[in-house]
Every structure is written in C-alpha cells, then in structure tokens.
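Residue strings, one per chain:
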Amino acid sequence: MANNFESNFTRKLMSKVADSFESKRLLSKMVDSQTYSGEFNPNTGDTVDIKRPTDYKTTRSSNGDISGTTAQEIITGKASATVQDYITVEVDYDEADEALKMGTDSDRFFDDIADRMVIDLELDFAKFTMKNAGLHTGTVGTAVDSWADVAEASALMDATGIPKGKRCYFMNPYTQVALATEQRSLGVNPEVQSATQSALVNKNFAGFDVYSATTLAQYLTGSGADRAGAVASNPVVTYVAAKDTMTQQIAVNGFQANLTIKAGEKVTIAGRNRLNLSTRNVAVDATGAPIVFTGTVTTDVTLNGSGEGTLIVTGPAVFEANGAYNTVDSAVVSGDVISLEGSADTTYQPNMFWHRDGLAIAYVDIKKLKSTDTVYKANDGLRMRCSMDSDVRANKQIVRFDLRPAYGVTNPFFVGQSFGKS
C-alpha cells in the first residue's frame, strides 16, 4: 500500500509541475529537439554524435569527359550533443502534500517549482547559444531600435545561404518598447497562455517569428583599452581540422596585457570576407560591399603579460584551394588585424537569432531511484523525474524534481548575435 501511495503521490506532483513547466518554456522549444531525442542511455556516455551534411564541387566540361579529374574525397564531420549538469529542485514532503490537498488554491506552489527549473534551463541554454553563434549583425553595444535592425539579421542569413523557414529572433523586452513606436500593436496577444505564444511579438516578420525573451545571456568584457591585435601565426584553415567542432584556434598578440576575453565576445578579422555557404560566392551587403568575417569566442581565455594567447573561435574561417566547404574568400594568415568588438569593462546582452536546425537540445532519460518514482516524457523529448524519499538523519521526507539536458550545435552559421546599427 505504501508503494501505491508513493507512486500516486509522485504522479500527482509531476502532473502539476510538468504542465506548468511546459507552458513556460521559450528558447528551449525553438530548436531541434528530435535529432538526438532518445539517443542518450547508460552506454552512450556524455556525448552523442551525428553526421554533418557533406558538400561537393562540380566539374564543368563541354563534352562530359571527366577522365582527367580526380574523384572528390567524401569528408564527413560530426556534430555532438553533450550532457549538461542536473537541474534539481528539492522540496519538503509536508509542503508538497499540503499543496496537493489544497487543490487549485496551491497552484502557485507548483508554478514556483516549474519557474525555477525553466529559468535555470533557459539561462543555461541561452549562454550556450550565445557563445556558439557564428553570425553577427550590427555594432556591439548599439541597441536594436528599428525593425530594420531585425530585418538585417534575416538579410545576413539570406546572404550567407541559410535556408528560409524555421527562423526565430529573440529580443530584450526593452527592444520591444523601442519598436513599439513603429508598430503599436506589439505584444497585444491576450488570448494565449503559453510562454511561447505570449512572448510572440511579431509573426513572420522578414522571415522571423520574433519573441520577447527575459533569459538572454550576457557577458562582461575585460579591463584594458587595447582591444585590437594581430594574428600571431597562420591558423589551420582546412575543413578537416574544423569539421567535428566547427571551431578554430587562432593565436593572437598585440592585445592588452593580461586581458581576459570572455566566451560570447565577437572578433573581426580585417580583409577576410564571408562566403554564401550555398553558392560559395562572397556575401555582400546592400551597397555591394563584402561582409567582413566575424567569429565568436567560445571559451574564456586570459592573455599573458605580453597580450598573447590563443582564442577558440566559432564558426571557423575555412579556406582551401577549390574547397567545397570554404566559409571565407581567403585564408587568415599571420599579421592579419584581429579586433574584439565592444568596449572594455562593459556588460553586453545581444539579441539572438537562429534557424531551428542550427541548434539541438535533448534530455537524458534519468533512471528511477525507486520503483515509485514518476518520469514525465514529452513529445519533444523532454524527460523529468519526480522522486520521494526519507532522510533518516534529518528526520524528514523530501521530494525532488530533476531534469538533465544535452546541448548541441549542428551548424554555428545558423546562429547569430544581433545589435543595432551605430
């Protein structure tokens, strides 16, 4: 009978929390949740890989004779999803029991549990997306205050060959205030209830579904005014080197001594321009000028006393002679000027945009601690566990809710940071 009680108890609790949790998600719903769904198990470890798409170069001939050419090598990269830490909320059994007995009057109790788990999940995932964004629009630190700034992000995606459809744009709530002068109906959506629907600012604007988001990530730039330096040595620019991580190591010098560069900061390399990843032509803006290459630092690094160090940057500047996977029009070489965008000692929170197929989220199927645990499974792969047990030393019973996500970047060039134009 005790087991039946415990099982029914955790099931009732999970029903309350899961419903609230699902209704509050935003960023974590706007990505690919199927590619890695169900792939994590005790035998896979902390990482699951899938194959990246392949590409090729065509051969042109007047008579169809290609006997003088060499068959292209098939190069297959892998995209990895990596398990993250548990997200856990622990509550006292008596409080949970009382909340159930009180019925709808206690919904706030379950909402608060769901709120904390959703906020922590969305903040964590937002940090992941910010530091894995291969695209960039606007001037770092300049507010998005016009719909033209939003449209520019979509234009960049078009110019760089990102497929249409499945595009999302997420803005700081104060951006919505700035844009309200151009469209007074923004945010008026009283009939909907889910976080996704209530956050919708504009449907299909310039190809984006535009949302207001309160969990966008931030970074704080390091001290030191000298934020321009040089590439210290020729980096590896082959696709083979980048295909499994879609990152690139770039040695730098000439920066501020002991400068700390944070994950999420943008770098610009002068004289190297983006390619359209579909046509492999140089991407150009409205004036016909080439779009300069920018990358995002993925890992915090502190330079040495001479302003030297190695940055890990996504998406990579790949350039090979007649290469099928080139992302820039010429190779980055030693001596190229490389600059950190923005100012020293400043907190930045970029708006974010992406194509849903550029990012992936999955959830580990957490093992039951007891047979009476309840595990919630959603259609998009979400897994959440509710467990109840006693702490004999503390002389109390506790209830805990757990989820464990895994994040992956399928293509960093499908993801971008957005600022306004200066």
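Details of the structure are given in the entry above.
Conventions used here
Residues numbered from 1 in each chain as written. Predicted model: local features only at pLDDT ≥ 70, side-chain atom pairs only at ≥ 80, totals over all residues. Heavy atoms only, no water. Helix = DSSP H or I, 4+ residues; strand = E, 2+ residues; numbered from the N terminus. Rg over C-alpha atoms; globule rule 2.2 N^0.38 Å. Buried < 20%, exposed > 50% of the residue type's maximum accessible area, 1.4 Å probe, protein only. Contact = heavy atoms within 4.5 Å. Areas by Shrake-Rupley, 256 points an atom, 1.4 Å probe, with all protein chains shown as cover. Lys, Arg positive; Asp, Glu negative; His and termini not counted. Charge placed at Lys NZ, Arg CZ, Asp CG, Glu CD. Salt bridge = Lys/Arg side-chain N within 4 Å of Asp/Glu carboxyl O. Expected span 1.5 Å × (residues − 1). Polar contact = N/O pair within 3.5 Å; in protein donor to acceptor, adjacent residues only side chain to side chain. Core = buried A, V, L, I, M, F, W, Y, C linked by side-chain atoms within 4.5 Å.

1. Some details on the overall build of the chain
- Within the chain, the secondary structure is distributed over 7 helices and 24 strands.
- A compact globule built from 422 residues would reach a C-alpha radius of gyration of about 22 Å, and the chain, at 24 Å, matches this within 12%.
- Over its C-alpha atoms, taken along the principal directions, the chain stretches across nearly 80 × 55 × 50 Å.
- When each of the 422 residues of the chain is scored for burial, the buried share is 48%.
- If you take every contact in the chain between residues at least 6 apart in sequence, the share linking residues at least 24 apart comes to 79%.
- Of the roughly 19,700 Å² of accessible surface on the chain, a fraction of 47% belongs to carbon and sulfur atoms.
- When the 40 basic and 50 acidic side-chain charges of the chain are each reduced to a single mean position, those positions are 4 Å apart.

2. Notes on the pattern of salt bridges
- For the structure shown, the criterion picks out 19 salt bridges.
- One salt bridge in this structure joins aspartate 244 and lysine 243, with 3.3 Å as the shortest N-O distance.
- Aspartate 244 sits in the partly exposed class, given a relative accessible area of 28%.

3. With respect to helix 4 (residues 147-159)
- Here helix 4 contains 13 residues, and its C-alpha end-to-end distance of 18 Å stays within 8% of the 18 Å for a straight helix at 1.5 Å per residue.
- Residues Trp147, Asp149, Val150, Ala153, Ser154, Leu156, Met157 and Ala159 constitute the buried set of helix 4.
- By the N-cap criterion, in which a side-chain oxygen at the helix start approaches the backbone nitrogen of a residue two or three places on, helix 4 is capped by serine 146, the distance to alanine 148 being 3.0 Å.
- Following helix 4 by one or two positions, glycine 161 has its phi on the positive side, about 85 degrees.

4. Points about the nonpolar core
- Core analysis: the largest hydrophobic core is formed by 82 residues, its most contacted members being Phe170, Trp354, Val399 and Phe401.
- Of the residues forming this core, the biggest block, 10 residues, is contributed by helix 3 (residues 107-131).
- Aside from chain neighbours lying at most four places away, what touches tryptophan 354 is Leu27, Met30, Val31, Thr129, Met157, Lys166, Arg167, Cys168, Phe170, Leu359, Phe414 and Val415.
- Core analysis: the next-biggest nonpolar cluster, separate from the first, contains 19 residues, Val252, Phe293, Leu303 and Ala317 among them.

None of this, on its own, says anything about what the molecule does.
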